[in-house]
Amino acid sequence: MRIGTILRPALIVVLIALVLRPTWFAPVFAPFAPAGGPVIYDRASLLSLSLSHLTLVVLASAAATLVAVTLAILVTRPAGAAFRPLSRTITNMGQTFPPVAVLALAVPMLGFGAGPTLVALFLYGLLPIFENAMTGLSTLPPATIEAARGIGLNRWQRLIRVELPLALPVMLTGIRLSVVISLGTATIGSTVAARTLGEVIIAGLLTNNTAYVLQGGLIVGLFAVLIYDALVQLEARLISRTGG
Amino acid sequence: MIEIDGITKVYDGTAAVDNVSMIVETGTITVIVGTSGSGKTTLLRMINRLVEPTSGEVRINGDATSAEKPHLLRRRIGYAIQGHGLFPHHTVARNIGAVPELLNWSKGDIRARVDELLTLLAMEPAQFRDRYPAELSGGQQQRVGVARALASRPDLLLMDEPFGALDPIIRMRAQEDLRRIQQQLGSTIMLITHDMEEAIRLGDRVAVMDAGRLVQHGTPAEIVARPATEFVANMVGDVERPLRLLSLVPVSEIMEEGPAEGDALPAEASLRDALSACLWTGRDAVPVMRDGSGPGRVTLASIRARAERRA
């Protein structure tokens, strides 16, 4: 029996309890709270913050996946090869630009709230998905692609039936990296009033309350670890099916 | 009937295939043999338009291939390549049924065809249908590749070094299987190889290519006995020539009445087999089994006389 089979359910239980019944953990966090100060964050429901946090991440990652994969498909076609360096530069810039700077620049245009956070997460998530999708689509087994053409699949059928399914495991690795980065980065969104778990951490930092910081950080961390793990499992299943 | 009419492919001013014409009769195997860089693969790929010819035309049963959309044309032409090129994410059944699926056959028809082909290739359908290519041996993968190429009963089957990745023993079996299936189905096959031995064993016709040109096209016996150029002679190999010739003649051709000692050869053995049996066991004659009238024999002297005829 592998360690994951015990550890995984245990972590899930801890996470659910942290989100739904935070008061249970009061004794654990009490030593970190300032004397006489509150131990458990109660200005908003942790469940609704978690859901809002995850929704932001899912929306941003879905948009980033859609755009990055479409871009990767276009630049791996013979007609799009010329745009490969350009699209690389663009996605690299998205990654280089610090999310905080994107937030600051986006606020005047989009106002406070979820909007600027979505933009920042989207831009930040493009690169890993794009790079992996491009690698996946340009390192397919040549004999298989040759055979796909040779038996009479047209371009569209080759893409849908052969290229995308074979590149999927590598693409998923990129999506996984991007999702995990977004989960952490989304906490910064609370500086521009997006509802995320960052709210708990920032409240802790502002009031010098380490208990809040730990509580928020622990929940975000557990989400990241468990979602990462779930995506690894999904990839492993796909790879075993394609016999790779 | 496949007519290749003055086909040429020019890459950067050099002709990879230079004005090649030949006719392939329906129901025969034509083996194109040449060294690497001789243009044989380019020639084959121009037939299903994976490569567009610079000039010239290919006609299948009278219809020019240029008149049809390339991907629709390819669905009528089977294609099997070295290293099989199976889809690793599809089961054996889906791989074999790929072209019938593109042609919108019914599910039942596809299933029946898949089972029929697996049986033909000596792979138990119930055992192999739902496996993935990675779970098969190299020889099995190659057979599935051939089954996929045959699935839609194509007018023509193109094979690009289909046995290149197999070890010698499996390779020999795969060649025998292909011969048997071709005779059973009456398929028209064009096959590429760099191995003259394979060309002589499989081909009804052998086409030898050198530097983009078709240098000789004839029966295996003609190629061996009367090579048109130095290059063909080299491909056949001077030392091997008498033995290659003998391997094309069945023992039944010079079998005579009379007694002989030792183990008998089967009637479909070649004179090369008979010669080998004589030399190895130190006999001057070997018995040959035949139907009805008891065993006949082949003598060393008659093999020698046959070899001296050089045809």
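Residues numbered from 1 in each chain as written. Chains lettered and ligands numbered in written order. Predicted model: local features only at pLDDT ≥ 70, side-chain atom pairs only at ≥ 80, totals over all residues. Heavy atoms only, no water.

Time to look at the interface of chain B and chain A. Each partner contributes residues to the interface: chain B has 24 residues there, and chain A has 19 residues. Interface of chain B and chain A: buried area, both sides summed, is about 1,900 Å²; carbon and sulfur atoms make up 58% of it. The largest per-residue losses of area from chain B upon contact with chain A belong to F87, H89 and L102 of chain B, which jointly make up 29% of the total buried on that side. Taken together, the connections running from chain B to chain A amount to two salt bridges. Two residues, E146 of chain A and R45 of chain B, come together in a salt bridge whose shortest N-O distance is 2.4 Å. At the boundary of chain B and chain A, one finds nine residue pairs in polar contact (both at pLDDT 80 or more). Of all the secondary structure elements, the ones that give two or more residues to the side of chain B that touches chain A are α2 (70–75), β6 (77–81) and α4 (98–102) of chain B. When grouped by side-chain class, the residues that make up the side of chain B that touches chain A number twelve nonpolar, seven polar and five charged. (Contact = heavy atoms within 4.5 Å. Buried area = accessible area lost by both parts, 1.4 Å probe. Salt bridge = Lys/Arg side-chain N within 4 Å of Asp/Glu carboxyl O. Polar contact = N/O pair within 3.5 Å; in protein donor to acceptor, adjacent residues only side chain to side chain. Helix = DSSP H or I, 4+ residues; strand = E, 2+ residues; numbered from the N terminus. Nonpolar A, V, L, I, M, F, W, Y, C, P; charged D, E, K, R; others polar.)

All right, on to the pattern of salt bridges then. Counted under the stated rule, the structure contains 28 salt bridges over all chains. In this structure, E131 of chain A engages R88 of chain A in a salt bridge whose closest nitrogen and oxygen atoms are separated by 3.0 Å. Here the residue E131 of chain A occupies a position in helix α6 (residues 114–138), and R88 of chain A occupies one in helix α4 (residues 84–96), the gap between them amounting to 43 residues. R88 of chain A gets classed as partly exposed once you look at its relative accessible area, which sits at 35%. With a closest N to O distance of 2.9 Å, R76 of chain B and E68 of chain B form a salt bridge. Taking relative accessible area as the criterion, R76 of chain B reaches 27% and is therefore assigned partly exposed. Residue E68 of chain B is classed as partly exposed on the basis of its relative accessible area of 26%. (Buried < 20%, exposed > 50% of the residue type's maximum accessible area, 1.4 Å probe, protein only.)

Taken over all residues, the pLDDT of chain B has a mean of 88, while the share at 70 or more is 99%. Interface confidence in the predicted complex, given as ipTM, is 0.78; pTM for the same model is 0.79. (pLDDT = per-residue confidence, 0-100.)

Turning our attention to the sheet that holds strand β3 (residues 29–34) of chain B. Paired through their backbone hydrogen bonds, the strands of a sheet run either parallel or antiparallel. All names here are of chain B. Here we have six strands laid out as an open sheet, ordered β6-β7-β8-β3-β9-β10, and mixed in their pairing. Every other strand in the sheet has two partners, leaving β6 and β10 (213–218) as the edge strands with one partner each. Within the sheet, the average angular offset between the axes of one strand and its neighbour, ignoring direction, is 15°. Inspection of the sheet shows β3 paired to strand β8 (residues 189–193) by five bridges, in the parallel sense. In the strand pairing of β8, V31 is matched with L191. (Pairing = 2+ DSSP bridges. Axes fitted to C-alpha atoms, helices over the stretch in contact; angles between N-to-C directions.)

Topologically, H53 of chain A is positioned in helix α3 (residues 46–76). For H53 of chain A, a relative accessible area of 1% translates into the label buried.

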